[in-house]
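Results of the structural survey
Chain residues, written in single-letter form:
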Amino acid sequence: MYEKIGIIGAMEDEVRELFALMEDKKIEDVGRWKVYAGKLSGKDCVIVRSGIGKVNMAACTQMLVDKYAVDFLINTGVAGSLDAQINIGDIVISTDCLQHDMDAVAFGYALGVIPQMDCSVFVADEKMAELADKVCREVNPEIGIWHGRVLSGDVFVADKARKDHLVSRFDGKCTEMEGAAMAQVAYLNNIPFLVLRAISDKADGSANMDYSQFEKQAIVHNVRLLDKMADKL
Ligand code: ADE
């Protein structure tokens, strides 16, 4: 169905572990990115860390489209929860993404609306979301799986007032700093996408579990999920 999957990860160890599972593989330096290309479970994939924030993500996504001709885009990483039911360690599968810090309110646009574009809420691929759900239940039965809107902005949300603002303005399940940028670039290139985010915190500055412990678990879950998804594509 898809010829080449672009996977944009967030964590170095995640990328390294996925690369370890790949065959026919090579590493290429492109600009300041290290691109890991090869076959994951027999599927052509390129894996890269974009760097933090929307600009890094947008540039990285376009690079994957232009240089590697990817025809599906997946972004993995961590996110802060915007829903009290979602536990740390659970995975949110995107239904759609928007940029919560896009603010042209002074020109009469609603918060989050990108002026002069026909779309500001970027809809994720439903079939791939279904596949991710099915595979995740199979390989990671110990964690909760949620489907919903991913809010992105160039801000790490760590106080209750800001979180409450996001919750009241947007119907989001989680917040992070890149997903909607990849989604917008995917949209501009007519390429389908999916965002998969492991919940690392409650986006309110509250006490957290040991982050390095969390990261290890999130990487195990993501690697299992991506490897098995590649197998089914
Ligand atoms: N990534 C993980 N947690 C986050 C948060 N609370 N805000 C933004 N990005 C995040």
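The structure we're discussing is the one just above.
Residues numbered from 1 in each chain as written. Predicted model: local features only at pLDDT ≥ 70, side-chain atom pairs only at ≥ 80, totals over all residues. Heavy atoms only, no water.

To continue, consider the side chain of Asp125. Mapping Asp125 onto the fold places it in the loop between β7 (122-123) and α3 (126-139). Despite its burial, Asp125 pairs with no opposite charge, the nearest such side chain being Lys127 at 7.3 Å. Here Lys127 takes part through its backbone nitrogen, which lies 3.5 Å from a polar atom of the side chain of Asp125. Filtering out sequence-adjacent residues up to four positions away, Asp125 remains in contact with Tyr2, Phe72, Pro192, Phe193 and Leu194. (Helix = DSSP H or I, 4+ residues; strand = E, 2+ residues; numbered from the N terminus. Buried < 20%, exposed > 50% of the residue type's maximum accessible area, 1.4 Å probe, protein only. Lys, Arg positive; Asp, Glu negative; His and termini not counted. Salt bridge = Lys/Arg side-chain N within 4 Å of Asp/Glu carboxyl O. Polar contact = N/O pair within 3.5 Å; in protein donor to acceptor, adjacent residues only side chain to side chain. Contact = heavy atoms within 4.5 Å.)

A few words now on unusual backbone geometry. For Asp24, which is not glycine, the phi torsion reads 45 degrees and is therefore positive. Its place among the elements puts Asp24 in strand β2 (residues 23-30). Its identity as a non-glycine residue notwithstanding, Ala69 has a phi of 50 degrees, on the positive side. Inspection of the secondary structure puts Ala69 in the loop between α2 (54-68) and β5 (72-81). On the basis of relative accessible area, Ala69 is assigned to the exposed category, the value being 53%.

Time to look at the layout of surface pockets. Put simply, the largest pocket is a space of about 430 Å³. Lining the largest pocket we find 27 residues, and of these Ala10, Ile52, Val78, Glu178 and Arg197 sit closest to its centre. Elements with a minimum of two residues in the lining of the largest pocket: β5, β9 (172-176), β10 (193-201) and α6 (211-232). Considering every element that reaches the lining of the largest pocket, the biggest residue donor is β5, with 5 residues. Across the lining of the largest pocket, the residue classes break down as 12 nonpolar, 8 polar and 7 charged. (1 Å grid on protein atoms, 1.4 Å probe; cavity = no way out; pocket = protein on both sides within 12 Å on 5 of 7 lines; lining within 4 Å. Points joined across faces, edges and corners; volume = space filled by probe spheres on them. Nonpolar A, V, L, I, M, F, W, Y, C, P; charged D, E, K, R; others polar.)

Oppositely charged side chains can form a pair if their charged atoms are brought close together. Inspection of the entire model under this criterion finds 15 salt bridges. Glu138 is the partner of Lys228 in a salt bridge, and the nearest nitrogen-oxygen pair spans 3.8 Å. Taken together, the residues span a long stretch of sequence, with Lys228 in helix α6 and Glu138 in helix α3 at a distance of 90 residues. Given the relative accessible area of 44%, Glu138 is considered partly exposed. Each member of the salt-bridge network shares a partner with another, and the members are Glu12, Asp13, Arg16 and Arg49.

On to the site of the ligand. Neighbouring the ligand are Val78, Ala79, Gly80, Val155, Phe156, Val157, Thr175, Glu176, Met177, Ser200, Asp201 and Ala203. The backbone of Val157 places a nitrogen or oxygen atom 2.8 Å from a nitrogen atom of the ligand. About the coverage of the ligand: the protein hides 95% of its 260 Å² of free accessible area. The pocket occupied by the ligand, as judged from atoms lying within 2 Å of grid points, is the largest pocket. Counting only elements with at least two residues in the shell around the ligand, the list comes to β5, β9 and β10. Looking at the shell around the ligand residue by residue, the classes come out as 7 nonpolar, 3 polar and 2 charged. (Near = heavy atom within 4 Å. Areas by Shrake-Rupley, 256 points an atom, 1.4 Å probe, with all protein chains shown as cover. Sits in = over half its atoms within 2 Å of the grid points.)

Of all 9 residues in β10, 9 are buried; the element is thus mostly enclosed. Pairing of β5 with β10 involves 8 bridges; the strand directions are parallel. Looking at β10, one finds that Asn75 is bridged to Val195. Sheet analysis places strand β6 (residues 91-99) next to β10, joined by 3 bridges and oriented antiparallel. Across the sheet, residue Ile91 finds its bridge partner in β10, namely Ala198. (Pairing = 2+ DSSP bridges.)

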